[in-house]
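# Summary of structural features
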Amino acid sequence: MADYIRRRVLTTIPVLLGVLLAVFLMLHLLPGDPVRLMLTEHRGGSAPTSAGSITEDMYESMRRELGLDRPLPIQFISFIGGIFRGDLGFSFRGGEPVLDIILRNLPHTVRLAFFSLGIATLFGFVLGVVAAIRRGTWIDSSMMAIAVAGVSIPSFWLGIMLLLVFALKLNLMPAIGDATDLRAMILPAIALGFNTSAVVARLTRSSLAETLQQDYIRTAHAKGLRERTVIIRHALKNAMIPIITVVGLQFGHLLGGTVVIETVFGRPGIGRIAVNSILERDFPVVQGIVLVSAVTYVLVNFLVDLAYAWVDPRLRFGSR
Amino acid sequence: MTTRGIDSIMSRRRFLQGTGALALAATSPLLENSAVHAEPGVTNGARQRLTMQEEETPVQGGNLYFISRQVPSSLDANVWTATAAAVIMRQLYDPLVWQPEGGQFVPGLAESWEISADGLSYTFTLRQDVTFHDGTPLNAESVKATYDRMIDPATKSLQIARLGPYDRSEVVSEFVVRIYLTEPFAPLLSSMSEVALAPISPAAVEALGDGFARTPVSTGPFKVKEWPDETTLIFERNPDYAWAPEFFTNPGPAHLDTITYRFIEEESTRMVSLETGEADIVEQLPAMEIQTVQENEKFQLSSSVLPGMPELCSINVSNGPTQELAVRQAMLFGVDREALALVLFQGGFPAAHGPLTSASWAYWEGVEDMYPFDPDKAADLLDKAGWVMGGDGVREKEGQKLTVRAVTSAGGETQRVAEFVQASLMELGFDYVVEAMAYEATATRFAENDYEVGRFGLVSIDPHDSLFAAFHSSQIEGGSQFNRSRIDDSEMDELIERAAVEGDTEKRGEIYRELQQRIMEQALILPAFERPTAYGLQPRVHGFADDLLGRPYLSNTWLGDD
């Protein structure tokens, strides 16, 4: 097992480096000069306010101060070098250390993603189990209709609709609320997790339905066990294996989804920071967030693999 | 003159109708001007309202929820003052001089000031009773330290352009500071009235280091209490505040205990927060919602046209058919600008006619008569210039089609403007291609001179700031790259430069009048509409007033009953 873990950790290093290089290149290839955008305070859509008469000297001096006049390979190497020293650089805008920005915002995103994952898994799982047991009935069809809707509805639209209905019309929930208030997390968590719950529901249904066809289930029935015992003790445990994998992978998906949801609901978090930093071409912040997201993603996948091996003994021993 | 019976198109008056306590203020003659383009040199009436006697006694205390659209990257005004950030910074900083009306200055932290005859030195005599939020006194030394820090490249200030040809500061005595310039710079006092040049506590810069950007220490009526995350920022009253300018209704510490800023980018969420009552004030209502709020008795609306350049289309003189004056003029005659404003904004935004908005002090009314909507004249101009109508409805000349590519930011008003212009000009035989994309991508197209028409608009109190950026030849390739007309005209450069060093406001105004005429004669821009501020307020918000750029002075504001 220790060997397995070590191998997995080593293989993530080239993955992370590749991701960072790709993002670095993408940022520099994107149209829009960060310094020019900063000096002119322009952002899409709105009219900016003049910052006075900007001269080319100011532009050059700012590029120098931000280190953007250096050749690209040097910039990349200094960025990677900084990571090993725990230094992710400073925001172009405001000059705050990138690490501080991330550490301040990451907990909000992680909390929302976990909360959302919890709700989505529970909801999806129950939906899927009921549909599988009542397969072929109207209950099954309506559950799966909800699931199809869940997969197809974009989260930003759902978010706005939830706001309009529950905050505006019914006045049950706060529209903006306090970031740390659990009540204010409910709507964003549903908007964010609806898609995931649909995925979980469909998978639970098919996985459980397939398991229920297995010989050992017939055997259990033949032994005279009650229906409930058969489903809970025998069928569900085996049906869980693919579900765990998907739930784990969905966590990464949810982290990505916060980009949209945090903006719609005006919540703090790294998703929202990522959007703004990309719009503002704040390279160090974008790179820092990508690094953190990539590490999280890799870590979650790794944990999923471990959980998988733990749930399914065949994998643990068979992989040798 | 009262508000009753006036069929207003501007919402500010509607706002005043809604606030009983302030209804008197609507008698200000200034209020009408923002809507109907009256005399130049007069701007909207926000400041006028502040001098009015309030009938009710302000309620002390409470927390105001202010919904802003964009979280500031920094609160250090000397370094960073994005449009949305300055709205917030207004509460933290006091300027040396205030500018209640365009081109008019009243004492702020400086009791008096003197400009040398050659325009090269400015001597400010400071008030002696002012302390920073950290308790240290404001003196000449701290003003000098503020500007010394700004010009240090390591500070990476984005605001040094506001200092113009700044040379150095000198401490004359404890409370007298002199600023030297290398050449005269008429916009300096106007710059001084902005938060960007407000003095800060040098002791706090020393003590806080990088942390200064998040908890700046200045002299304003509020100070930072807490900034827990990217969506929430809380200010608290500065209990020692006693140096408000004369035009504030509240000479002492702010009425409110705290202001809680919440940052919400999503327009519809901002609207919902106003409707659920969670927000007291919502900044920058979406254009399409302004009408809704205006008609809704539940809310107040405060809206006034911003000075500077209106939303417009810069016409590129260095590319394609728009190199020809006749083509550019035909474009101006061919678009009904009044209809544009009416169709796109139901009249909520006024039409623009020239390079400056009617809220700019140097606005010249003459632009209004230069290009009336006249499609026949437009067609005639094109015919005479040899652009003949082809079989496909597109004019051509010597085998070249009358193709004009308009590069604009995608979505929102700017794209709708481009589409309106497109619809109008197609009828005249233009092949008008709208290319809408992300702002950053448009910036690249402009930098590479790959367009005939480019979207532009720039807010500024002093006309120099916008006219220099948009029409000086140095700004085609360099600086802001805002000269999207790509006009390289030495006479125009000379006018811009001459206005910048002219100390006499009257004479400056004359130069700007000439400049506006010249810009329109050459048809360098197609003006579209004038952008107003748009604040939605709960009825419980009293004493709301904002500066020339629509930044509220919240120390006058208080929360009463609904």
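The rules behind each value
- Residues numbered from 1 in each chain as written.
- Chains lettered and ligands numbered in written order.
- Predicted model: local features only at pLDDT ≥ 70, side-chain atom pairs only at ≥ 80, totals over all residues.
- Heavy atoms only, no water.
- Helix = DSSP H or I, 4+ residues; strand = E, 2+ residues; numbered from the N terminus.
- Buried < 20%, exposed > 50% of the residue type's maximum accessible area, 1.4 Å probe, protein only.
- Contact = heavy atoms within 4.5 Å.
- Lys, Arg positive; Asp, Glu negative; His and termini not counted.
- Charge placed at Lys NZ, Arg CZ, Asp CG, Glu CD.
- Areas by Shrake-Rupley, 256 points an atom, 1.4 Å probe, with all protein chains shown as cover.
- Pairing = 2+ DSSP bridges.
- Axes fitted to C-alpha atoms, helices over the stretch in contact; angles between N-to-C directions.
- Domains from an automatic or database assignment.
- Buried area = accessible area lost by both parts, 1.4 Å probe.
- Salt bridge = Lys/Arg side-chain N within 4 Å of Asp/Glu carboxyl O.
- Polar contact = N/O pair within 3.5 Å; in protein donor to acceptor, adjacent residues only side chain to side chain.
- Nonpolar A, V, L, I, M, F, W, Y, C, P; charged D, E, K, R; others polar.
- Parallel < 35°, antiparallel > 145°, perpendicular 65-115°, else oblique.
- pLDDT = per-residue confidence, 0-100.
- Phe/Tyr/Trp six-rings, centres within 6.5 Å; stacked < 30°, edge-to-face > 60°.
- Lys NZ or Arg CZ within 6 Å of the ring centre and 35° of its normal.
- Arc of directions from axis to C-beta.
- Core = buried A, V, L, I, M, F, W, Y, C linked by side-chain atoms within 4.5 Å.
- Patch = residues over 30% accessible without salt bridge, like charges linked within 9 Å, V, L, I, M, F, W, Y side chains within 5 Å.

From N to C terminus, chain B includes 17 helices and 23 strands. Across its three principal axes, chain B shows a C-alpha extent of roughly 75 × 55 × 45 Å. Every one of the 562 residues in chain B was classed for burial, and the buried ones make up 64%. Put simply, 70% of the contacts in chain B that link residues at least 6 apart link residues at least 24 apart. Side-chain charges of chain B comprise 43 positive and 84 negative groups, with the mean position of each set lying 1 Å from the other.

The number of helices and strands found in chain A is 13 helices and zero strands. In terms of overall dimensions, chain A has C-alpha extents of about 85 × 55 × 30 Å along its principal axes. Here the contacts in chain A between residues at least 6 apart in sequence split such that 74% fall between residues at least 24 apart. Only carbon and sulfur atoms are counted for the fraction: they give 68% of the accessible area of chain A, which is about 15400 Å². For chain A, the distance from the average position of its 30 positive side-chain charges to the average position of its 22 negative side-chain charges is 14 Å.

All names here are of chain B. Pairing analysis gives five bridges linking strand S8 (residues 222-229) to strand S9 (residues 232-237), with the strands arranged antiparallel. Across the sheet, the residue bridging to Glu226 is Ile234, located in S9. Here S8 folds back onto S9 in antiparallel fashion, the turn holding two residues. Strand direction decides the pairing type here: S9 and strand S10 (residues 258-263), joined by five bridges, are antiparallel. Bridge pairing in S10 links Ile234 to Thr260.

The strands that make up a sheet pair up through hydrogen bonds in the backbone, lying either parallel or antiparallel. Residue and element names in this part refer to chain B. Strand order across the open sheet formed by four strands is S4-S5-S7-S6, with antiparallel pairing between neighbours. Edge positions in the sheet fall to strand S4 (110-115) and strand S6 (166-173), since each of these pairs with one other strand and no more. Here the strands of the sheet are splayed against their neighbours by 20° on average, with no regard to which way each runs. Alignment of strand S5 (residues 121-126) against strand S7 (residues 176-181), held across five bridges, turns out to be antiparallel. Looking at S7, one finds that Tyr122 is bridged to Ile179.

The next point concerns the domain arrangement of chain B. Where interface size is given, it is often the accessible area lost as the parts come together that is meant. Residue and element names in this part refer to chain B. Segmenting chain B into domains produces domain 1 (43-76 + 220-306 + 533-562), domain 2 (93-206) and domain 3 (307-530). Relative to domain 3, the C-alpha centre of domain 2 lies at a distance of 36 Å. Contact with domain 2, which involves ten residues of that partner, is made by nine residues of domain 3. Across the domain 2/domain 3 interface, buried area totals approximately 750 Å², and carbon plus sulfur atoms make up 60% of it. Considering only the side of domain 2, the residues that lose the most area to domain 3 are Pro184, Ala186 and Pro187, jointly responsible for 45% of the buried surface there. If you look at where domain 2 meets domain 3, you find zero salt bridges. Where domain 2 meets domain 3, there are one residue pair in polar contact (both at pLDDT 80 or more). Across the side of domain 2 that touches domain 3, the residue classes tally to four nonpolar, four polar and two charged.

What follows deals with the packing of helix H10 (residues 227-265) of chain A against helix H11 (residues 270-279) of chain A. Angle between the axes and distance between the axes: these two values describe a pair of packed helices. Residue and element names in this part refer to chain A. Closest axis-to-axis distance for the H10/H11 pair is 7 Å, and the angle between their directions is 90°. Relative to H11, H10 is oriented roughly perpendicular. Contacts from Thr258, Val259, Glu262 and Thr263 of H10 reach H11 at Ile270, Gly271, Arg272 and Val275.

Further remarks concern the confidence of the model for chain B. Residues and elements named next belong to chain B. Confidence in the prediction of chain B, expressed as mean pLDDT, is 87, and 90% of residues score 70 or more. Within the model, the stretch residues 1-53 combines pLDDT values under 50 with 115 contacts to residues more than four positions away or in other chains. Across the interfaces of the predicted complex, the ipTM metric reaches 0.77, alongside a pTM of 0.82.

Attention now moves to the sheet that holds S8(B). Taken in spatial order, the seven strands of this open sheet run S8-S9-S10-S1-S11-S21-S12 (chain B), and their pairing is mixed. Only two strands of the sheet have a single partner each, and these edge strands are S8 and strand S12 (300-302) of chain B.

Contacts between the two partners involve 57 residues from chain A and, on the opposite side, 62 residues from chain B. When the two sides are added together, the surface that chain A and chain B hide from each other amounts to roughly 5100 Å², 57% of it contributed by carbon and sulfur. Put simply, chain A and chain B have three salt bridges between them. Where A:Glu96 meets B:Arg214, a salt bridge forms, and the shortest distance between an N and an O atom there is 3.6 Å. If you look at where chain A meets chain B, you find eleven residue pairs in polar contact (both at pLDDT 80 or more). Contributing elements (two or more residues each) for the side of chain A that touches chain B: helix H2 (34-40), helix H3 (56-65), helix H5 (98-133), helix H7 (155-169), H10 and H11 of chain A.

A word on the packing of aromatic side chains. Residues and elements named next belong to chain B. In this structure the tally under the stated criterion is 25 aromatic pairs over all chains. Residues Phe66 and Tyr535 carry aromatic rings whose centres are separated by 6.2 Å and whose planes lie at 65° to one another, so their mutual orientation is edge-to-face. Here the residue Phe66 occupies a position in strand S1 (residues 63-68), and Tyr535 occupies one in strand S21 (residues 535-537), the gap between them amounting to 469 residues. On the basis of relative accessibility, which here comes to 2%, the residue Tyr535 falls in the buried class. Here a set of aromatic residues connected by ring pairs shows up, and it is made of Phe66, Phe235, Tyr261, Phe263, Tyr535 and Phe544. Sitting over the ring of Tyr180, Arg168 keeps its end group 4.1 Å from the ring centre. One cation-aromatic arrangement involves Arg214 over Trp227; the distance from NZ or CZ to the ring centre is 4.0 Å.

Turning our attention to helix H12 (residues 375-384) of chain B. Residue and element names in this part refer to chain B. Burial in H12 covers these residues: Ala378, Ala379 and Leu382. An end-on view of H12 places all buried positions within 95° of arc, on one side of the element. Exposed residues pointing more than 90 degrees away from the buried face of H12 are listed as Asp376 and Lys384. On its buried side, H12 packs onto helix H10 (325-334) and strand S15 (395-397). Positive phi appears at Gly386, one or two residues downstream of H12, with a value of about 90°.

This part is about the nonpolar core. All names here are of chain B. Formed by 86 residues in total, the largest nonpolar core has its most connected members in Phe124, Tyr147 and Phe235. Ranked by residue count, the leading element in this core is helix H4 (residues 83-89), at five residues. Both domains that furnish three or more residues to this core are identified here as domain 1 (43-76 + 220-306 + 533-562) and domain 2 (93-206). Setting aside residues no more than four positions away along its own chain, Tyr147 makes contact with Leu96, Leu163, Tyr166, Ser169, Ile179, Met192 and Leu197. With 77 residues, the next largest nonpolar core counts Val367, Ala379, Trp387 and Leu428 among its residues.

Let us now look at the environment of B:Cys313. All names here are of chain B. Topologically, Cys313 is positioned in strand S13 (residues 308-315). Judged by relative accessible area, Cys313 falls into the buried class, the value being 7%. For the pair Cys313 and Met492, spaced 179 residues apart in sequence, the C-alpha separation works out to 19 Å.

The next subject is the confidence of the model for chain A. Of all residues in chain A, 95% have pLDDT values of 70 or greater, and the mean over the chain is 84. Within chain A, the lowest mean pLDDT, 62, falls on helix H13 (residues 313-318) of chain A, and the highest, 91, falls on helix H4 (residues 72-84) of chain A.

Residues and elements named next belong to chain A. A cluster of nonpolar side chains, Leu21, Leu25, Leu29 and Leu72, forms an exposed patch at the surface whose accessible area comes to about 360 Å². Per-element tally for the nonpolar patch: the top contributor is helix H1 (residues 2-29), with three residues. As for its placement among the helices and strands, Leu72 is situated in helix H4.

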